[in-house]
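Take a look at the letters that make up each chain.
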Amino acid sequence: MSTRAVIEGIGHSVPDRVLTNDDLMKMVDTTDEWIVQRTGIRERRISSPEETTSVLSIRAAKKAMAMADADPGEIELVICGTVTGDMPFPSTSCLIQEGIGAKGAGAFDVGAACAGFIYALSVAGAMIEGGQAKTILVVGADTLTKFVDWTDRSTCVLFGDGAAAVVVRARQNTDRGLVKTVLLADGEGAKHIDLQVGGSLHPVSDPASASCRSTIYMAGAEVYRFAVNAMGDACCRALELAGMDSTDVDLFVPHQANLRIIESAKARLGLPDEKVFINVERFGNTSGASIPIGLSEAVAQGRLKPGMLVMTVGFGAGLVWGANLIRW
Ligand code: ACO
């Protein structure tokens, strides 16, 4: 009997502070109408200085563990998909491990930007199916607003902060669990979204780094064109690998970067409105947290129930993209 990687608990956490489009109009030359028409975003959550990626992650992890009735000692591994860790090192996963009291668990981060949760869940699934762990905590979390240039209207309107976590357990005799995963990357597109300062190329301590970008750069139009194709391609490939088609999907939870990108993926896959989960209007692009926050809200709203087939898809800096098909 094969072992399946089943999500048995989920939770999310976002900062209390809301930044509306009207607030942004007082900061940069923009309008609510432009932001809503081009992105679908109406407001986003902004973390306080104390609300680091690990702080939001620990709050989310505790909710997921409560739903799964998971004792901290049961967690064997913590995997966090993030590109905005508290520090370059130690890993944010180690801070989460300590924060939830999972003594003895292994911990590492996965750096795949807005596809971070897709990648991290895929690793967890493979480890569980391979018998290397029985219970894994997977987190998707980012605080991109801490790295935004608040004078750049083309990027500062897009991002928000948040975290979400799932408890994944090994189960036998079930068709629930991770069904198929597609992970893809194209480093040629690395130049389209980056944060230059803070790594080994441009260390903060190097005076020469002063002339480099210390905030997020994004070539929006290039990323948009890439995303429209990548979302559909990854979903079609995951469905093909599973021997399924889009009519088998009960709920589609795409990365929430831009409503127009979601609408184009929905059209390509031929999915009706009621099968597409959208919350971009309230949170903006929360990067690695975007997909699991969507899953968490879908569960809380009763739109995602055990046994349903959910398809998730994400894309982001790297460039990276990928999809997970999950029998919830
Ligand atoms: N308010 C008003 N006008 C604006 C704003 C704004 N906030 N931002 C840009 N504009 C202007 C531009 O200056 C430009 O004016 P111009 O024609 O006079 O030069 C005009 O609006 C059109 O700009 P575009 O960039 O062509 O607008 P577009 O329709 O492409 O929308 C957007 C821009 C929303 C950024 C879009 O390209 C997009 O969503 N791209 C994908 C972003 C994404 O999904 N990133 C995910 C990865 S993030 C990660 O991995 C960390």
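Each chain carries its own residue numbering, running from 1 in the written order of its sequence. Residues qualify for local features only when their pLDDT is at least 70, as the model is predicted, and side-chain atom pairs are given and counted only at 80 or more; totals for whole chains, interfaces and linings, by contrast, use all residues. Working from all heavy atoms in the structure, the side-chain values ignore hydrogens and water.

Draft legend 1. Examining the site of the ligand more closely. A single heavy atom is enough: if one lies within 4 Å of a molecule or strand, its residue is considered near that molecule or strand. By nearness alone, 27 residues border the ligand, and Thr-30, Arg-38, Arg-153, Asn-258 and Ala-317 come closest of all. Residues adjacent in sequence count toward polar contacts only when both atoms are side-chain atoms; beyond that, a polar contact is any pair of N or O atoms within 3.5 Å, and within protein one must be able to donate a hydrogen and the other to accept it. Take Arg-38: an N or O atom from its side chain is 2.7 Å from an oxygen atom of the ligand. Arg-153 places a main-chain nitrogen or oxygen 2.9 Å from a nitrogen atom of the ligand. For accessible areas, the Shrake-Rupley method is used with a probe of radius 1.4 Å. Any residue's cover is judged against the shown protein chains and nothing else. Protein contact buries 73% of the 1000 Å² of open area that the ligand shows by itself. Only DSSP runs of H or I covering at least 4 residues are called helices, and only runs of E covering at least 2 are called strands; the numbering of each starts at the N terminus. Looking at the shell around the ligand, the elements that each hand over two or more residues are α2 (32-39), α6 (153-156), α7 (220-241), α8 (259-269) and β12 (309-316). Each residue gets one label: Ala, Val, Leu, Ile, Met, Phe, Trp, Tyr, Cys and Pro are nonpolar, Asp, Glu, Lys and Arg are charged, and the others, such as Gly, are polar. A class-by-class count of the residues in the shell around the ligand yields 16 nonpolar, 7 polar and 4 charged. Annotation comment: domain bounds sourced from an automatic or database domain assignment. Here the shell around the ligand gathers at least three residues from each of two domains, domain 1 (3-174) and domain 2 (178-327).

Draft legend 2. Quick peek at the packing of aromatic side chains. The criterion for an aromatic pair is that two Phe, Tyr or Trp rings (for Trp, the six-membered ring) have centres within 6.5 Å, with stacked assigned to planes under 30 degrees apart, edge-to-face to planes over 60 apart and tilted to the rest. Under the criterion given, the structure shown has 2 aromatic pairs. Between Phe-226 and Phe-315, the ring centres sit 6.2 Å apart and the planes meet at 80 degrees, which makes this aromatic pair edge-to-face. Of this pair, Phe-226 sits in helix α7 while Phe-315 sits in strand β12, and the two are 89 residues apart along the sequence. By definition, being over a ring means that NZ of Lys or CZ of Arg is both within 6 Å of the ring centre and within 35 degrees of the ring normal. Directly above the ring of Tyr-217 sits Arg-213, whose terminal nitrogen or CZ lies 4.2 Å from the centroid.

Draft legend 3. The sheet that holds strand β7 (residues 161-171), seen in detail. Only strands joined by at least two bridges in the DSSP assignment are considered to pair. Read from one edge of the open sheet, 5 strands run β1-β7-β6-β4-β5, paired in mixed fashion. Edge positions in the open sheet fall to β1 (4-13) and β5 (106-110), since each of these has one partner strand only. This sheet shows a mean twist of 20 degrees between the axes of neighbouring strands, independent of strand direction. Here 5 bridges tie strand β4 (residues 77-81) to strand β6 (residues 135-143), and the two strands are oriented parallel to one another. When the bridges of β6 are listed, Leu-77 appears paired with Ile-136. Every residue pair with non-hydrogen atoms within 4.5 Å of one another is taken to be in contact. To get an axis, fit a line to the C-alpha atoms, keeping to the stretch in contact for a helix; angles then go from 0 to 180 degrees between the N-to-C directions. This element, helix α3 (residues 53-68), spans β1, β6 and β7 of the sheet and lies at about 125 degrees to β1.

Draft legend 4. Fine view of the side chain of Thr-312. Among the secondary structure elements, Thr-312 is positioned in strand β12. Look past the residues within four positions of Thr-312 in its chain and what remains in contact with it is Ile-118, Val-253, Ile-291, Leu-295, Gly-322, Ala-323, Asn-324 and Ile-326.

Draft legend 5. The arrangement of the sheet that holds β12 in detail. The mixed open sheet is built from 4 strands, whose spatial order is β8-β13-β12-β11. Strands with a single pairing partner mark the edges of an open sheet, and in this sheet they are β8 (177-185) and β11 (251-254). Averaged over all pairs of adjacent strands, the angle between their axes in this sheet comes to 10 degrees, without regard to strand direction. The pairing of β12 with strand β13 (residues 320-327) spans 8 bridges and is classified as antiparallel. By the bridge assignment, Met-311 is partnered in β13 with Leu-325.

Draft legend 6. Region of the structure containing the state of the cysteines. The disulfide criterion used throughout: a pair of cysteine sulfur atoms within 2.5 Å. The full count for this structure, using the stated rule, is 0 disulfides. We note that Cys-235 lacks a disulfide partner, and the nearest cysteine sulfur, in Cys-236, lies 6.8 Å from it. Look at Cys-235 and you get buried, because its relative accessible area is 0%. Exposure is judged per residue with a 1.4 Å probe applied to protein chains only, and the accessible area is read against the type maximum: over 50% gives exposed, under 20% gives buried, and values in between give partly exposed.

Draft legend 7. Region of interest: the packing of α7 against α8. The contact between α7 and α8 brings their axes to 9 Å, and the two run at 35 degrees. The element α7 and its partner α8 pack so that their crossing is right-handed. Taking contact as the criterion, the partners of Tyr-224, Ala-227, Val-228, Asn-229, Met-231, Gly-232, Asp-233, Cys-235 and Cys-236 in α7 are, on α8, Arg-260, Ile-261, Ser-264, Ala-265, Arg-268 and Leu-269. For the contact of α7 with α8, the class distribution of residues is 9 nonpolar, 3 polar and 3 charged. Here is the rule for handedness: rotate from the far helix to the near one, and if that takes an anticlockwise turn smaller than a right angle the crossing is left-handed, while a clockwise turn gives right-handed.

Draft legend 8. Up close: the domain arrangement of the protein. Looking at the assigned domains, one finds that the protein contains domain 1 (3-174) and domain 2 (178-327). The straight-line distance from the C-alpha centre of domain 1 to that of domain 2 is 13 Å. In this assembly, 46 residues from domain 1 lie in contact with 46 residues from domain 2. Throughout, the accessible surface (probe 1.4 Å) given up by two parts as they are put together, summed over both, is called the buried area. Carbon and sulfur atoms supply 65% of the area buried between domain 1 and domain 2, which totals about 3600 Å² over both sides. Looking at the side of domain 1 facing domain 2, the largest losses of area belong to Cys-114, Ile-118 and Tyr-119, adding up to 18% of the total buried there. A pairing counts as a salt bridge when a side-chain nitrogen of Lys or Arg comes within 4 Å of a carboxyl oxygen of Asp or Glu. Connecting domain 1 to domain 2 are 0 salt bridges. Counting across the interface, domain 1 meets domain 2 through 16 residue pairs in polar contact (both at pLDDT 80 or more). Within the residue set of the side of domain 1 that touches domain 2, elements represented by two or more residues are β1, α2, β3 (43-45), α5 (116-129), β6 and β7.

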